[in-house]
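Geometric and topological summary
Residue-level listing of the chains:
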Amino acid sequence: MTDGARGPSIEAPPDPGSDPSLLRFRAVLEAGLAALEARRAEVNELNVFPVPDGDTGDNMVLTLRAVLDELDRLAGASADPVASAGPGEAATQTVEQVGRDQIVASVARAALLGARGTSGVILSQLIRGAAEELASRPGELVDPVLISAALARAVDQAYGSVRDPVEGTILTVVREMGVQVASDLARFRDARLPPDASAEVQNAVIAAVVERALEAGESSVRRGPDLLPALREAGVVDAGGYALTVMLAGILGELRGGAVALVEHQAIARVTRPQHSSSTYRYCTSFAVTGRDLEPRQFAPALERLGDSVLIVGDPTTLKVHVHTDDPDAATAMFTAHGAISHLDINDMRAQMERRDERLGAAQPPVCDAVAVASGAGMKSLFESLGVRALDGGAALAPTSLDVLAAIHACRAEQVVVLPNSPRAAAAARRAAELSDKAVSVVPSLSPQAGLAAAVALDPTSGAEPNAAAMRAALEHVRTGAVAPARLDDAAGRFRAGDAVGYVEEEIVAWGKPREALREVLEQLALDAELITCLRGAEAPLDDGTVQALAHGDVEFELSDGGQPGHWWLLSAE
């Protein structure tokens with residue numbers, strides 16, 4: 001986990017207008033949303049249960065956004081009570097006058113009405129349960145005892161919202177988080193914070209609790225496939241449970257100054273459409289019902305005759321209904337005599353599954369990617385033709401470690417091989433490998449032409465270590481050479497600045513005119529070689545025909561446009 005500078009503290013006083021608790025709560029919630037937004041697509045592709053429709057990330061993001069919008073509305077009431085009033089409402093109450101119970105009720109209602117899909121509805125109930133526990137303890141600071149109680153109530157609320165809870169899902173993850181926090185209470189010296197606890201102390205204590213909950217959640221996510229066959233068959237973890245850990249990591253980062261805690265990335269499904277019963281129905285249907293004396297249990301049996309994945313949650317005045325069915329109209333008609341229908345959302349799951357299948361088919365990530373430092377349009381194209389991501393290292397082939405790290409993280413695979421292709425880039429690549437949360441292997445290629453010879457060995461279906469081993473083996477059979485203009489006069493008087501200088505490996509073997517220097521380098525590289533590759537630089541002084549004529553007749557010769565600055569020709573012999 002990462003650590004950082006001072007962040008916001010969380011309190012739960014009854015009067016938001018006289019205390020910054022509303023802003024603090026919003027800050028950590030927004031951090032959780034930002035972390036989830038960053039991995040929204042990844043969460044979508046993990047979604048195989050109860051239906052592989054690829055929308056869990058979307059649904060949970062929309063639910064959190066609804067809560068944030070409500071918090072902003074409440075905060076805006078104090079700044080402009082007239083603007084915050086609804087149509088026909090008198091602006092007689094500002095947020096300073098809104099009690100804690102009303103804030104909690106508003107947040108819970110916003111989560112309920114904004115919930116989308118099964119995962120969104122369950123998340124809304126987690127929020128509701130935690131919020132109700134906070135409301136029941138006026139004046140208390142948020143500390144380990146209150147967090148444990150809020151988690152326990154959230155778990156009860158979430159499990160109570162599902163008629164047939166399935167283990168291995170987000171329900172299991174949040175329950176095991178709660179168990180961990182509860183068992184840790186005895187070890188916390190600051191389980192109860194005094195009213196005068198400083199913001200720094202509050203943040204540190206809360207972060208310690210959140211960190212332990214996150215560790216338990218990640219462990220639970222990894223065990224999910226052992227509990228739920230649909231996950232095991234698809235080779236994935238539960239999307240909702242994983243999303244919850246991502247959100248918690250964002251919150252932990254905010255508590256510790258904004259540095260997001262690291263959560264392991266997850267592989268997407270190895271099968272595109274797992275087969276289980278919820279694939280039977282076509283439309284994912286959700287809507288709100290507003291009325292009086294609403295009782296969820298009275299509607300459940302009839303709704304279950306229309307479909308499955310039935311969720312009916314809320315209170316006597318507002319219900320959120322979710323069902324997978326072939327007849328959305330019949331589902332809504334069931335409630336029209338009992339209240340007003342709103343927030344209707346209908347998604348064609350067959351179309352969603354088809355789009356998901358297309359995405360997975362086109363975007364199945366390789367096991368291993370490769371990054372190569374290069375300079376020159378032709379050189380970059382050559383690497384890319386071999387399936388290697390080219391990183392522009394400038395004329396000196398000297399990217400920073402952050403440049404290399406960004407290129408690594410831009411790769412789709414979770415394992416990456418780096419071909420630095422210069423001594424300076426090698427140091428940056430090693431540092432980037434240490435910083436990355438991906439499995440990174442750095443191959444000791446110290447020139448672009450050596451890197452190209454190594455890149456031929458890339459196997460995207462194999463891991464980073466086997467690829468790196470194959471590339472190192474390829475480098476053992478490669479000798480390199482180059483011809484470039486001298487930058488300075490030679491101290492020994494052999495050549496002057498601008499003269500051609502030929503190298504084999506690091507040794508100067510020729511100097512003088514470009515033609516003669518290139519001929520000598522080619523002659524030496526041809527010894528015991530089967531293939532010589534020559535990369536023409538951007539300012540090479542000889543035409544291709546002349547270069548071809550200099551090649552040794554007994555050795556296969558390939559001439560390509562490298563476009564590299566500085567060196568007229570880069571050569572390798574295999």
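Let me begin by describing the structure that accompanies this report. (Residues numbered from 1 in each chain as written. Predicted model: local features only at pLDDT ≥ 70, side-chain atom pairs only at ≥ 80, totals over all residues. Heavy atoms only, no water.)

1. Here's the deal with the layout of surface pockets
Gaps between atoms show up when a probe of the same size as a water molecule is rolled over them. Taken as a whole, the largest pocket encloses approximately 1000 Å³ of empty space. The wall of the largest pocket is formed by 37 residues, among which Leu 446, Ser 447, Ala 482, Glu 506 and His 567 lie closest to the centre. Among the secondary structure elements, those contributing two or more residues to the lining of the largest pocket are helix H17 (423-435), helix H18 (448-455), strand E9 (479-485) and strand E10 (500-504). Among the residues forming the lining of the largest pocket, the class breakdown is 22 nonpolar, 11 polar and 4 charged. (1 Å grid on protein atoms, 1.4 Å probe; cavity = no way out; pocket = protein on both sides within 12 Å on 5 of 7 lines; lining within 4 Å. Points joined across faces, edges and corners; volume = space filled by probe spheres on them. Helix = DSSP H or I, 4+ residues; strand = E, 2+ residues; numbered from the N terminus. Nonpolar A, V, L, I, M, F, W, Y, C, P; charged D, E, K, R; others polar.)

2. A look at helix H9 (residues 199-227)
Residues separated by three or four positions in an α-helix point in the same direction, a consequence of the helix having 3.6 residues per turn. When the terminal C-alpha atoms of H9 are compared, their 41 Å separation across 29 residues agrees well with the 42 Å that a helix rising 1.5 Å per residue should span. Of all the bends in H9, the greatest, near 30°, is centred on Val 221, and the proline Pro 225 appears no more than four residues after it. (Expected span 1.5 Å × (residues − 1). Bend = angle between axes of the 7 residues up to and from the residue.)

3. Topic: the sheet that holds strand E3 (residues 318-325)
Reading across from one edge, E2-E3-E1-E4 is the order of the 4 strands in this open sheet, with antiparallel pairing throughout. The open sheet has two edge strands with one neighbour each: strand E2 (307-315) and strand E4 (339-348). For this sheet, the mean angle separating the axes of adjacent strands, direction not counted, is 10°. In this structure, strand E1 (residues 283-291) lies alongside E4, joined through 8 bridges in antiparallel fashion. Directly across from Val 289, in E4, lies its bridge partner Ile 341. Lying on the sheet, helix H6 (residues 117-135) is in contact with E1, E2 and E3; it crosses E2 at an angle near 25°. (Pairing = 2+ DSSP bridges. Axes fitted to C-alpha atoms, helices over the stretch in contact; angles between N-to-C directions. Contact = heavy atoms within 4.5 Å.)

4. Examining the packing of H18 against helix H19 (residues 464-475)
Angle between the axes and distance between the axes: these two values describe a pair of packed helices. Here H18 crosses H19 at 125°, and the two axes come no closer than 8 Å. One way to sum up the angle between H18 and H19 is to call them oblique. The way H18 lies across H19 gives a crossing that is right-handed. In this structure, H18 contributes Ala 450, Ala 453, Ala 454 and Ala 455 to the contact, and H19 contributes Met 471, Ala 474 and Leu 475. Grouping the amino acids of the contact of H18 with H19 by side-chain chemistry returns 7 nonpolar, no polar and no charged. (Parallel < 35°, antiparallel > 145°, perpendicular 65-115°, else oblique. Left-handed = near helix turned anticlockwise from the far one by under 90°.)

5. Remarks on the nonpolar core
Ranked by size, the top nonpolar core spans 67 residues in total, and within it Leu 36, Leu 64, Leu 126, Tyr 242 and Leu 244 carry the most contacts. Top element by residues in this core is helix H11 (residues 239-255). It accounts for 11 residues. Other than its neighbours up to four places away in sequence, Leu 126 contacts Ala 154, Val 155, Ala 158, Ile 170, Val 174 and Leu 244. Counting residues in each nonpolar core, the second largest holds 24 residues, with Leu 522, Ala 526, Leu 550 and Ala 573 among its members. (Core = buried A, V, L, I, M, F, W, Y, C linked by side-chain atoms within 4.5 Å. Buried < 20%, exposed > 50% of the residue type's maximum accessible area, 1.4 Å probe, protein only.)

6. Remarks on the pairing of strand E11 (residues 507-512)
Pairing between E10 and E11: 5 bridges, direction antiparallel. Residue pairing for E11: Val 504 is matched across the bridge by Glu 507. Linking E10 back to E11 in an antiparallel pair, the connection comprises 2 residues, with Glu 505 at a positive phi of about 55°.

7. What to know about the environment of Leu 255
Relative to the elements of secondary structure, Leu 255 occurs in helix H11. Each C-alpha atom, one on Leu 255 and one on Ala 208, is 9.7 Å from the other, the two residues being 47 residues apart in sequence.

8. Topic: empty space enclosed by the protein
Throughout the structure, instances matching the rule amount to 3 cavities of 30 Å³ or more. When its volume is computed, the second largest cavity comes out at roughly 50 Å³. Forming the walls of the second largest cavity are Glu 218, Val 221, Arg 222, Tyr 242, Thr 245, Val 263, Glu 264 and Gln 266. Looking at the lining of the second largest cavity, the elements with two or more residues in it are H9 and H11. Looking at which element gives the most residues to the lining of the second largest cavity, the answer is H9, with 3 residues. Counted by class, the lining of the second largest cavity contains 3 nonpolar, 2 polar and 3 charged residues.

9. A look at the packing of aromatic side chains
One pass over the structure, following the stated rule, counts 3 aromatic pairs. Ring centres of Phe 299 and Phe 335 lie 4.4 Å apart, and the angle between their planes is 35°; this geometry places the pair in the tilted category. Linking Phe 299 in helix H12 (residues 296-306) with Phe 335 in the loop between helix H13 (328-333) and E4, this pair joins segments that are 36 residues apart in sequence. Across the pair, exposure class does not vary: Phe 299 and Phe 335 are buried alike. (Phe/Tyr/Trp six-rings, centres within 6.5 Å; stacked < 30°, edge-to-face > 60°.)

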